[in-house]
Amino acid sequence: MSTTTPTPQKLRTRRPLRPAAVAKNLTALVVAAIFVFPVYWMFSSSLKPQSEILTKDPVFFFKPTFENYSTATGVDLFWSYVTNSLIVTLGAVLLALLVALAASFAIARMKFKGRKGIVLIVMMAQMAPWEVMVIAMYMIARDNDMLNSIPLLTAIYFVMVLPFTIWTLRGFIAAVPVELEEAAQIDGCTRGQAFRKVIFPLLAPGLMSTSLFGFITAWNEFAMVLVLNKDKTNQTLTFWLTQFQTAFGNDWAATMAASTLFALPVLVVFIFLQRKAVGGMTAGAVKG
Amino acid sequence: MTVDSQGTASAAPQDAPGRAAGKSQTPPPPSGAKESLRPPRGRRSLPSGLLPYLLVTPALLSMAVLLLYPLIRNVILSFQGVNKREMIRRETPWVGFENYTKLLGDPDFWSVVVRSLVVTAVNVALVMLIGTLVGMLLNRLGKKMRLVLSLALMFAWAMPIVASVTVFRWLFDEQFGVANWVMRSIGFSGYEQHNWFETGFSTLVIVTILLVWGSIPFVALNMYAALTTVGTELYEAAKMDGASGWRTFWSVVFPNLKPFFMITTFLEIIWIFKAFTQVYAMNQGGPDRSSETLPVFAYIEGMGQQHYGLAAAISILTIVMLLVAMSFYFRLILKQEDEQ
Amino acid sequence: MKRKLIAAIGVAGMMVSIAACGSDSDKAKDGDKGTAGGNKTLTVWVMDGSAPQEWIDGINKEFEASHPGVKVKVETQQWTDIQTKVTTALSENTPPDVLEIGNTQTTGYAASGGLADLTGDKDKFGYANWSEGIKPSAELEGKLYAAPWWAANRAVIYDKAAFKKAGVTPPKTRAEWIEGLKKLKAADPKSQPIYLPGQSWYVFAGFLWDEGGDLATKDGDKWKGGLGTAEAASAINFYKELQSFSSAPKDKDEATPQQSTDIVPKGGVASWIGLGWEAGGAIDAIKKAGKTADFGYFPIPGKTADKPGSVFFGGSNLAIAERSQNKDLAKEWLALATSKKGMQSYGTAVKGGIVPNDPSAQVQPEAGSFAEAMVKSASSGRITPITEGWANVETEPNPIKGYMTKVLKGEDPKKAGEEADKVIAERLNQ
């Protein structure tokens, strides 16, 4: 904890070779390496020629090639998959934020009958076995002529991330001191205005970290697409990636290139939100 | 939480530190101070009769349509004998409890259940333990190292599951695996072509490594974030009292982060228990079906053999089991609501 | 058959298919122009790697020309989760009109009522000319549910240089085969005389048929597995002997890792058993790595020199969905695609690398090519038991594969076979 206070800087310069600090940083490096290695392996494989991917002794030095990326992006409908994935994921996350904001505000700040019941419902909804509900969902969609629909997929993902979003946002809202809200109301704001002008800005980090989580969840889903959207023009990047073994005829390099591209949006979102997201998760996570 | 009792500053997550601080008689953190300033009352300025209901309606409605309805349909399906033929013909013949009796009388099903529970328990324990340690490490690092480590964690988190499974399979491949290469390089013999997936147990060990690797970032990053909310004062106070690092953790950090641990453990149990891709893609549940967990079992019997009704029954049993296992959690969390 | 057939086209074929998909929109425009009304779209599902793009484009062009206002939409499906995809698709109001279905899976879908009965159109499809070996997979209880399309079988692919160095010539009998492998081993102890993973169950099926056994047989009105038999024991023992020359994993099939692109191009493999597209893939991969492949091919040897070893006839049929909205059009497309002319142009496109439904449509393969060796053993081609449950046996976890691994690791063939038979019977009789 010492590093967050202003003094430790001095402490450290005074005793630069404190074994504990060295051990600490060394451990951190090792842990970081362990976590990054598979990611590094994915990335480096995406730059390797196919013949150097699966080898008896791993190849660490090679002449990088971007050919695999053009193979991946050159696949028929690739950009359509990307667009669909983005629409579905962003749509779901935004919808979830909107709906969850309203619900979590009520749960965190208002007293009403049935509040506890709603908390329970939200908790149980987290446990929904989406993977195995695929067939039931399919039968409903089929019988109502709603197959091959991007809106339906968006709606499903929206409900998929909704419980977690409500749960986390509730914590964030509760974290905003009520006095602020009240002060605003004393100043003549209506409750709605108080929410917009006072609470909402304070929620920004919370909204961001929550949406990051929602993004990862929706972005990774594919089981629904398999049965719901058989028309290729309505399929997503994730789904296509799961079919890779045959899609690339065992071109592992291209597969890894596609996977790297696939991971990019999440990383970009994270690096963009880095400070706020990590800091912001605080409240939500503690509160749960 | 009955809103009145907590209609104060203590609604903030800081309330936990605040309360604990009171108990442990350390100087109250800022939020605690605020708490004493405000009377526990006074924000219900709105006629909140209908408003809260209006606010939760969209959420409840969408969950009812897209979650509850399919779930009910799933329950119905579990009482029907829908296989390939019936699915194609759109027939839904009732079979009563046949799917359930078949499952409950199948020793394979029970061994899968036991295996799933053990795998979940081991994984969640490892994830929480290592995740917490990494989170604490993050908290103690300098700015730069912290960025490095949290970026590393984030990379792991952002990696598509499908890709990570493929990479892990490569790493432990019998002929071309990096793991075998490392063992050879260190000087172990017998790793010329060591098969890491020789038995169900060894397969599950690799699966565990993957699951733990993939789950830790969430726990660690949240743990770190949660730790930053524990007032520095608490640490300082504990240190001044001469408490050891270990005791500081148990007496200061842990009580304050109890809600965090509860929620995260809850989520991890659910996520690990439901993990499918990581287990299935690793070795298709093999060898000889000995690394199948419940979701894999449901997939093989349901999607693979096209017994959709049976698969629905498996999923219902899974939910029931989860609910039973989690009921104590629900009670804890609801109790926490009351306390607030 | 869960494998693709890009006979000798391999990656190149894939590039063609990618490039050619762009032409879809052009076609749509032409169609719009050409017709005033009655626009119809015929949807055709083909499996990844089955139909060479130039061939299917040719068929569609011809079809669209003779059917103004009709557009053919070809959707290539991946093999992953194909059963779920096909089953659900067949239950929909607007299913694909024509679908490619693996020959081991057709009976199952026919029995489920998802496929249109084509018995009345036999003549249109040239039923009388179809080869006897290929017909059964498209029929059920005397009715026709699909048009057989193509089949292919395995052959042994060998490195000419390695064989020459060891003084080995292509064997004609099993005994010669083993003898040759021993010589290869002696000539180059570091190499694998043959690469054979433990779960190449189609290869095993061939040995089993050679012994006079079968994977499953009908016993009264029930099916029973055939792995606990003496025939299976001698078949698996021969497989074991072959496999002992290989350091391939005993618990994997030939696709994990892909033998053609991940194993063979790395060298150190004197011979392997594969399909035409695998040979093509290996040649391409070796070329990509800057070397040249010098492969020879021979049919899998039989027990005696007069007859090559039995081989599994993998292949596909084309069927029409029962719920199709365009059955008549679909039938016409089907008739065109599987006609003698259609099959000949298919054969030409894959350089004779397939066995067509009509033997007289066989395109003569080049001398020394894979296709030549393959066609030699086509006369001993067999398929898996014809019953609607067979698709379930093939589905992972495949009991035959489990059985093979167990025996290769030292378990008693009879015991492992009986265990597998139980699962096979359960899946066949459900």
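What you are looking at is a predicted structure, and each value in this text was computed from that prediction instead of being measured.

A. Representation of the overall build of chain B in the model. Of the regular secondary structure elements, chain B holds 16 helices and 0 strands. Of all 340 residues assigned to chain B, the portion counted as buried reaches 51%.

B. Here's a closer look at the overall build of chain A. The secondary structure content of chain A amounts to 13 helices and 0 strands. Secondary structure elements of chain A occur, N-terminal to C-terminal, as α-α-α-α-α-α-α-α-α-α-α-α-α. The buried share of chain A, reckoned over its 288 residues, is 53%.

C. Quick look at the UniProt feature "transmembrane region" (unreviewed entry) in chain B. Residues and elements named next belong to chain B. The residues that UniProt annotates with the feature "transmembrane region" (unreviewed entry) are residues 50–72, 112–135, 147–172, 204–227, 248–273 and 308–330. The span residues 112–135 carries 100% helix and 0% strand; its end-to-end C-alpha distance comes to 33 Å. Annotation note: span residues 204–227, helix share 100%, strand share 0%, distance between end C-alpha atoms 32 Å.

D. Looking closely at the domain arrangement of chain A. Residue and element names in this part refer to chain A. Taken domain by domain, chain A holds domain 1 (2–68) and domain 2 (69–287). Residue-level contacts link 11 residues of domain 1 with 12 residues of domain 2. Broken down by secondary-structure element, the contributors of at least two residues to the side of domain 1 that touches domain 2 are helix H2 (19–46) and helix H3 (67–73). By residue number, the principal contributor to the side of domain 1 that touches domain 2 is H2, which donates 4 residues. Broken down by class, the residue content of the side of domain 1 that touches domain 2 amounts to 5 nonpolar, 4 polar and 2 charged.

E. The arrangement of the sheet that holds strand E3 (residues 98–102) of chain C in detail. All names here are of chain C. Strand order in the open sheet formed by 6 strands is E2-E1-E3-E13-E6-E14, and the pairing between neighbours is mixed. The outermost strands of the open sheet, each flanked by one partner alone, are strand E2 (70–77) and strand E14 (355–356). Of the pairings in the sheet, the one linking strand E6 (residues 146–152) to strand E13 (residues 314–320) comprises 6 bridges and is antiparallel in character. Its bridge partner being in E13, alanine 151 is matched across the sheet by glycine 315.

F. Representation of the interface of chain B and chain A in the model. Opposite the 93 residues of chain B that make contact, chain A presents 85 residues. Here the side of chain B that touches chain A gets 16 residues from one element, more than from any other, and that element is helix H3 (residues 51–77) of chain B. Each residue belonging to the side of chain B that touches chain A can be placed in one class, and the counts come to 66 nonpolar, 18 polar and 9 charged.

G. Spotlight on the packing of helix H8 (residues 178–186) of chain A against helix H9 (residues 191–220) of chain A. Residues and elements named next belong to chain A. Close contact between H8 and H9 brings their axes to 9 Å; oriented N to C, the two are set at 125 degrees. It follows that H8 is oblique to H9 by the angle criterion. Seen from above, H8 lies across H9 with right-handed handedness. Residue-level contacts link Leu180, Glu181, Ala184 and Gln185 of H8 to Arg191, Ala194, Lys197, Val198 and Ile199 of H9.

H. Region of the structure containing the confidence of the model for chain B. Residues and elements named next belong to chain B. The pLDDT averaged across chain B works out to 82; a share of 83% of its residues lies at or above 70. No element of chain B has a lower mean pLDDT than helix H1 (residues 15–24), which averages 33, and none a higher one than helix H5 (residues 98–104), which averages 96. The low-confidence segment residues 1–47 (pLDDT under 50) makes 93 contacts with residues lying over four places distant or belonging to another chain. Per the prediction output, this complex has pTM 0.85; the corresponding ipTM is 0.84.

I. Up close: the sheet that holds strand E7 (residues 155–159) of chain C. All names here are of chain C. Strand order in the open sheet formed by 3 strands is E10-E7-E11, with antiparallel pairing between adjacent strands. The two strands at the open ends of the sheet, each matched to only one other strand, are strand E10 (271–274) and strand E11 (295–298). Each strand axis lies, on average, 30 degrees off the axis of its neighbour in the sheet, ignoring direction. Of the strand pairs in this sheet, E7 and E10 are connected by 4 bridges, and their pairing is antiparallel. Counterpart to isoleucine 157 in the pairing with E10 is tryptophan 272.

J. Spotlight on the packing of helix H9 (residues 201–210) of chain C against helix H10 (residues 230–243) of chain C. Residues and elements named next belong to chain C. Running from N to C, H9 and H10 cross one another at 130 degrees; their axes reach a closest spacing of 8 Å. Here H9 is positioned oblique relative to H10, judged by the angle of their axes. Between H9 and H10 lies a crossing whose hand is right-handed. Residue-level contacts link Phe204, Phe207 and Leu208 of H9 to Glu231, Ala232, Ala235, Ile236, Phe238 and Tyr239 of H10. The class makeup of the residues in the contact of H9 with H10 is 8 nonpolar, no polar and 1 charged.

K. Quick peek at H9(A). With 30 residues, H9(A) should reach 44 Å at 1.5 Å per residue; the first-to-last C-alpha distance of 38 Å falls well below that figure. Considering bend angle alone, the principal kink of H9(A) is centred on Phe200(A) and spans about 50 degrees; proline Pro201(A) follows within four residues of it.

L. Highlighting the nonpolar core. Judged by nonpolar contacts, the single largest core of 305 residues is most densely connected at Ala96(A), Ala100(A), Ala103(A), Val161(A), Leu162(A) and Phe204(C). Beyond its immediate stretch of four places on either side in the chain, Ala100(A) contacts Leu162(A), Thr165(A), Ile166(A), Leu169(A) and Ala59(B).

M. Focus on the environment of Leu228(A). Residue and element names in this part refer to chain A. With respect to the element layout, leucine 228 can be found in helix H10 (residues 223–228). Leucine 228 sits in the buried class, given 24 other C-beta atoms within 10 Å. Each C-alpha atom of the pair leucine 228 and threonine 238 lies 14 Å from the other, and the pair is 10 residues apart in sequence. Leave out the neighbours within four places in its chain, and leucine 228 touches Tyr138, Ala141, Leu147, Leu152 and Leu153.

N. Structural detail: the pairing of strand E9 (residues 222–225) of chain C. All names here are of chain C. Side chains Trp223 and Gly225 project from E9 onto a buried face, and the interleaved Lys222 and Lys224 project onto a face without burial. Pairing of strand E8 (residues 216–219) with E9, which is carried by 4 bridges, proceeds in the antiparallel orientation. When the bridges of E9 are listed, alanine 216 appears paired with glycine 225.

O. Seen up close, the confidence of the model for chain A. For chain A, mean pLDDT is 83; residues scoring 70 or higher make up 86% of the total. In this model, residues 279–288 of chain A is a region of pLDDT below 50 whose contacts with residues beyond four sequence positions or in other chains number 49 contacts.

P. Seen up close, the environment of Ala186(C). Its place among the elements puts Ala186(C) in helix H8 (residues 174–187). Residues Ala186(C) and Asn392(C), 206 residues apart in the sequence, show an inter-C-alpha distance of 43 Å.

Q. Representation of the pairing of E13(C) in the model. Along E13(C), 7 of the 7 residues are buried, which leaves the element largely enclosed by surrounding structure. Alternating residues of E13(C) divide into Gly314(C), Ser316(C), Leu318(C) and Ile320(C) and Gly315(C), Asn317(C) and Ala319(C), and every residue in both groups is buried.

R. Structural detail: unusual backbone geometry. Here the bond from Gly286(B) into Pro287(B) is cis, since omega is -5 degrees, no more than 30 degrees from zero. Inspection of the secondary structure assignment puts Pro287(B) in the loop between helix H14 (277–283) and helix H15 (294–304). Following Thr256(C), the chain continues into Pro257(C) via a peptide bond in cis, with omega recorded as -10 degrees. Structurally, the position occupied by Pro257(C) is in the loop between H10 and helix H11 (259–263). One non-glycine residue, Asp145(A), adopts positive backbone phi at about 55 degrees. For Asp145(A), the position within the fold is in the loop between helix H6 (134–143) and helix H7 (150–175). Owing to 11 C-beta atoms within 10 Å, Asp145(A) belongs among the exposed residues under this scheme. Phi at Glu141(C) is positive, roughly 50 degrees, even though this residue is not glycine. Its location among the elements puts Glu141(C) in the loop between strand E4 (139–140) and strand E5 (143–144). Owing to 8 C-beta atoms within 10 Å, Glu141(C) belongs among the exposed residues under this scheme.

S. Spatial organisation of helix H12 (residues 245–256) of chain B. All names here are of chain B. If you check H12, its first and last C-alpha atoms are 16 Å apart, about what 12 residues at 1.5 Å a residue would give, namely 16 Å. The complete set of buried residues in H12 reads Val252, Val253 and Asn256. Along the axis of H12, the buried residues cluster in a sector spanning 85 degrees; they form a single face. Structural note: H12 exposes Trp246, Arg247 and Trp250 on the side pointing more than 90 degrees away from its buried face.

T. Quick peek at the environment of Phe273(B). Residue and element names in this part refer to chain B. You can see phenylalanine 273 is positioned in helix H13 (residues 258–274). On the neighbour-count criterion, phenylalanine 273 (24 C-beta atoms within 10 Å) is buried. Between the C-alpha atoms of phenylalanine 273 and leucine 117, which are 156 residues apart in sequence, the distance is 7.6 Å. Not counting chain neighbours up to four residues away, the residues in contact with phenylalanine 273 comprise Ser116, Thr120 and Leu322.

Parameters and conventions
- Residues numbered from 1 in each chain as written.
- Chains lettered and ligands numbered in written order.
- Predicted model: local features only at pLDDT ≥ 70, side-chain atom pairs only at ≥ 80, totals over all residues.
- Helix = DSSP H or I, 4+ residues; strand = E, 2+ residues; numbered from the N terminus.
- Buried ≥ 20, exposed ≤ 12 C-beta atoms within 10 Å, placed from the backbone.
- UniProt positions renumbered as here; feature names shortened; annotations may be inferred.
- Domains from an automatic or database assignment.
- Contact = placed C-beta atoms within 7 Å.
- Nonpolar A, V, L, I, M, F, W, Y, C, P; charged D, E, K, R; others polar.
- Pairing = 2+ DSSP bridges.
- Axes fitted to C-alpha atoms, helices over the stretch in contact; angles between N-to-C directions.
- Parallel < 35°, antiparallel > 145°, perpendicular 65-115°, else oblique.
- Left-handed = near helix turned anticlockwise from the far one by under 90°.
- pLDDT = per-residue confidence, 0-100.
- Expected span 1.5 Å × (residues − 1).
- Bend = angle between axes of the 7 residues up to and from the residue.
- Core = buried A, V, L, I, M, F, W, Y, C linked by C-beta atoms within 7 Å.
- Arc of directions from axis to C-beta.

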